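# Residue-level structure breakdown
In case you want the letters, here they are:
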Amino acid sequence: MESNTKKEAWRAVKFTFFSISAGLVEILSFTLLTEFSGWSYWPCYLIALVLSVLWNFTLNRKFTFQSAANVPVAMLKVALYYAVFTPLTTVSGNYLVETLGWNDYLVTGLNMLLNFVTEFLYQRFVVYGKSVDTAE
């Protein structure tokens, strides 16, 4: 295996582990909000998503992508991703749960899986792109 290929494979593994930890943050906060707040699906999902995004961004910037890119610019790029992802998954998730009667946790799990795949690609090629491995 080529050195660059190994590096990218290891990067994907690290992203996976940090995403799992962010997923735990999301599902734990979603569960607490769902079970104890009495709120409908969408505010529980939205708050849990924001908490996991902050967690995931912080860890992946430092350890996975090792980027020296300007943090506010990187955060803005991530915010742009979530400006599209969040409304789509919040509205569609709320429809699936509240109108079609799907299970809250199934819908959240599907959203988390979709987020995992699309966010890795977006962060790797758009947010950090050429600044990968530039941190000292």
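For clarity, every value in this text was computed on a predicted model and none was experimentally measured.

All right, on to the overall build of the chain then. Within the chain, the secondary structure is distributed over four helices and zero strands. Shown N-terminal to C-terminal, the secondary structure of the chain runs as helices and strands in the order α-α-α-α. When the backbone C-alpha atoms are referred to their principal axes, the chain occupies close to 50 × 30 × 20 Å. Per-residue burial over the chain gives 38% buried out of 136 residues. Counted over contacts in the chain with a minimum sequence separation of 6, partners at least 24 positions apart contribute 77%. Accessible surface for the chain amounts to roughly 7900 Å². Of this, 72% is attributable to carbon and sulfur atoms.

Inspection of the secondary structure assignment puts Thr-86 in helix α3 (residues 71–99). Sequence-distant contacts of Thr-86, defined by excluding residues within four places in its chain, comprise Leu-46 and Leu-49.

Time to look at a nonpolar patch on the surface. A contiguous nonpolar patch, built from Trp-10, Val-13, Phe-17, Ile-20 and Leu-24 and spanning about 540 Å² of accessible area, is present on the exposed surface. Within the secondary structure, Trp-10 sits in helix α1 (residues 3–36).

Conventions and cut-offs
- Residues numbered from 1 in each chain as written.
- Predicted model: local features only at pLDDT ≥ 70, side-chain atom pairs only at ≥ 80, totals over all residues.
- Heavy atoms only, no water.
- Helix = DSSP H or I, 4+ residues; strand = E, 2+ residues; numbered from the N terminus.
- Buried < 20%, exposed > 50% of the residue type's maximum accessible area, 1.4 Å probe, protein only.
- Contact = heavy atoms within 4.5 Å.
- Areas by Shrake-Rupley, 256 points an atom, 1.4 Å probe, with all protein chains shown as cover.
- Patch = residues over 30% accessible without salt bridge, like charges linked within 9 Å, V, L, I, M, F, W, Y side chains within 5 Å.
- Salt bridge = Lys/Arg side-chain N within 4 Å of Asp/Glu carboxyl O.

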